[in-house]
Amino acid sequence: ETLASGNRIRNTATAPSPSNLNIRLRCPAGGVTITDSTATISGTIAAGGNSLATGGVRVAFPSSLADEQAIRFLLSIRSNTTEVSRDDFKKEVDAPKLGLVKLGVDDPGTGNGNGIVEDGEQFKLFYKVKNFGTGTYPGGNATVTDLDAGFTLVDPTDPYPTILPHLQAENTTG
């Protein structure tokens with residue numbers, strides 16, 4: 001996911017800020033890409049006041065990040081070449097985390113209807129997954145793989161809808 005962010009900067013000092021501030025965002029975390037790392041504030045910020053920076057920043061997060069992983073960022077505010085403020089902060093990632101919660105076999109019409117997988121029988125496999133993560137699963141396809149090569153998979157891929165955190169969904173076609 002890519003996040004575009006406007007930056008509102010607050011002057012916590014007792015005097016106005018220097019004029020024409022430059023904001024720079026960095027992230028030392030592996031895989032996180034900052035595609036636009038700078039923003040600017042024209043003029044000064046009154047003591048106790050705030051101002052919205054123009055330009056914003058854009059950060060791209062890879063899908064490989066773990067749910068609830070804390071990502072460290074470094075924010076530097078400069079007036080010309082002099083750093084006037086620095087903030088080191090962390091933001092937590094909300095990512096989906098799917099897990100299998102139910103597996104079902106349907107063999108009527110293609111097998112003998114007893115719900116048991118038997119030699120030479122064709123069946124449909126239904127699997128329910130739950131999103132154990134704090135982020136929404138955006139939907140996509142799940143593909144079953146036979147690790148032991150004991151089955152012939154006729155149609156191993158099924159679509160899944162969007163799954164909100166802590167909710168479940170089941171493939172509908174088997």
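Note: the structure precedes this text.
Residues numbered from 1 in each chain as written. Predicted model: local features only at pLDDT ≥ 70, side-chain atom pairs only at ≥ 80, totals over all residues. Heavy atoms only, no water.

### Focus: the environment of Ala60
Position of Ala60 relative to the elements: it lies in strand S7 (residues 57–60). Here Ala60 is in contact with Glu1, Thr2, Gly31, Val32 and Thr33, once residues within four sequence places are set aside. (Helix = DSSP H or I, 4+ residues; strand = E, 2+ residues; numbered from the N terminus. Contact = heavy atoms within 4.5 Å.)

### Details of the sheet that holds strand S9 (residues 82–92)
Pairing is antiparallel in the open sheet, where four strands are placed in the order S5-S3-S8-S9. Both edges of this open sheet fall to strand S5 (38–41) and S9, since each of them pairs with a single strand only. Mean inter-strand twist for the sheet, computed between neighbouring axes without regard to direction, equals 20 degrees. (Pairing = 2+ DSSP bridges. Axes fitted to C-alpha atoms, helices over the stretch in contact; angles between N-to-C directions.)

### Some remarks on the layout of surface pockets
Considering only enclosed or pocket space, the largest pocket measures out at about 1,100 Å³ in volume. Around the largest pocket sit 38 residues that line it, and Leu3, Ser5, Phe73, Phe89 and Lys91 are the ones nearest its centre. Broken down by secondary-structure element, the contributors of at least two residues to the lining of the largest pocket are strand S1 (2–5), strand S2 (8–10), strand S3 (21–26), S7, strand S8 (70–79) and S9. Tallying contributions element by element places S9 first for the lining of the largest pocket, with seven residues. When grouped by side-chain class, the residues that make up the lining of the largest pocket number 21 nonpolar, nine polar and eight charged. (1 Å grid on protein atoms, 1.4 Å probe; cavity = no way out; pocket = protein on both sides within 12 Å on 5 of 7 lines; lining within 4 Å. Points joined across faces, edges and corners; volume = space filled by probe spheres on them. Nonpolar A, V, L, I, M, F, W, Y, C, P; charged D, E, K, R; others polar.)

By themselves, these observations are geometric and do not establish any function.
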